[in-house]
Amino acid sequence: MRRIHLCAGAVLALTVLPASPLRGQSAEDEVVQVVQDLFDAMRARDRTALEAVFTDGARLSRGVTGADGTFAVRDTPMDQFIDGIVSAETEALLDERIYNPEVRIDGNLATVWVEYDFYLGEEFSHCGVDAFQLAHDGTAWRIFQIADTRQREGCPSR
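Worth saying up front: this structure is predicted, and the values here are computed from it rather than measured. Starting afresh in each chain, residues are numbered from 1 along the sequence in its written order. pLDDT decides what is reported in this predicted model: residues at 70 or higher carry local features, side-chain atom pairs at 80 or more are listed and counted, and totals for whole chains, interfaces and linings draw on all residues regardless. Only heavy atoms go into the side-chain values, all of them from the structure, while hydrogens and water stay out.

A. Here's a closer look at the overall build of the protein. Only DSSP runs of H or I with at least four residues qualify as helices, and only runs of E with at least two residues qualify as strands; both kinds are numbered from the N terminus onward. Helix and strand counts for the protein come out as four helices and six strands. Put simply, the protein runs from its N terminus to its C terminus through helices and strands in the order α-α-α-β-β-α-β-β-β-β. Accessible area is worked out with a 1.4 Å probe on protein chains only. A residue is then buried under 20% of its type maximum, exposed over 50%, and partly exposed in between. Residue burial in the protein is summarised as follows: out of 158 residues, 30% are buried. Counting contacts in the protein only where the partners sit at least 6 residues apart, residues at least 24 apart contribute 50% of the total. Approximately 10,200 Å² of the protein is accessible, and the part contributed by carbon and sulfur atoms is 53%. Here a residue-residue contact requires only that any non-hydrogen atoms of the pair lie within 4.5 Å. Only the protein chains shown count as cover for residues, and all accessible areas are computed by the Shrake-Rupley method using a 1.4 Å probe.

Pasting the structure below:
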C-alpha cells in the first residue's frame, strides 16, 4: 500500500512541477532559444549577434521551386547570408515569426523543425519550414546547418 502512495505522489508531483528544471531551461528550450536569437538578431541587423549563433563553416541551404515546378537546393555561404541581412537596403523590419517547433536531441546534436511566416515590416512576404541542425560545443548550442523552403501561396492563416 505504501508503494502505491509513493507512486501516486510522484505522479502528482510531476504533473504540477514546471517542465523545465528550476535552475534553468530544458535542453529543448535552449535549442529553440538559439533559433529565436537568430531571428532577433536578424530583426536588429546585428552582425555580432548573428555570428554568435553559428558554428564556423555553418551552411544555409534553400529549397527553391522553379516556375516549371522543379525543385532544387541552393547553398548560400553563411557570411553572404549575414552580409545580406546586415546590409539590406530596405528600412523595413526583417521579421521571421516561428510556429510549432519540433525538437529532437541526442547528446550534442539537435534538430529543430519549425514553420515560419516572413514579413518585411508589416507586409507578408512568404512562409515555409526551417530545419535547423545544431551542435553543443561544450559551451553553448550553435547552428551548423539551416535548410528552408519558401512559398507565397498556400500559407496557413495565423
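There's more to say after this.
B. The packing of aromatic side chains, seen in detail. Side-chain rings of Phe, Tyr and Trp (the six-membered ring for Trp) are treated as a pair once their centres are within 6.5 Å; stacked means planes under 30 degrees apart, edge-to-face means over 60, and tilted covers the remaining angles. Applying the stated rule across the entire model yields two aromatic pairs. Where Phe39 meets Phe132, the ring centres are 6.1 Å apart and the plane angle is 75°; that geometry is what we call edge-to-face. Of this pair, Phe39 sits in helix 2 (residues 27–44) while Phe132 sits in strand 5 (residues 123–136), and the two are 93 residues apart along the sequence. Comparing Phe39 with Phe132 shows no difference in burial state: the two are buried. Here Tyr119 and Phe124 contribute two aromatic rings whose centre-to-centre distance is 5.6 Å and whose plane-to-plane angle is 75°, an arrangement assigned as edge-to-face. Tyr119 sits in the buried class, given a relative accessible area of 16%. By relative accessible area, Phe124 is classed as partly exposed at 32%.

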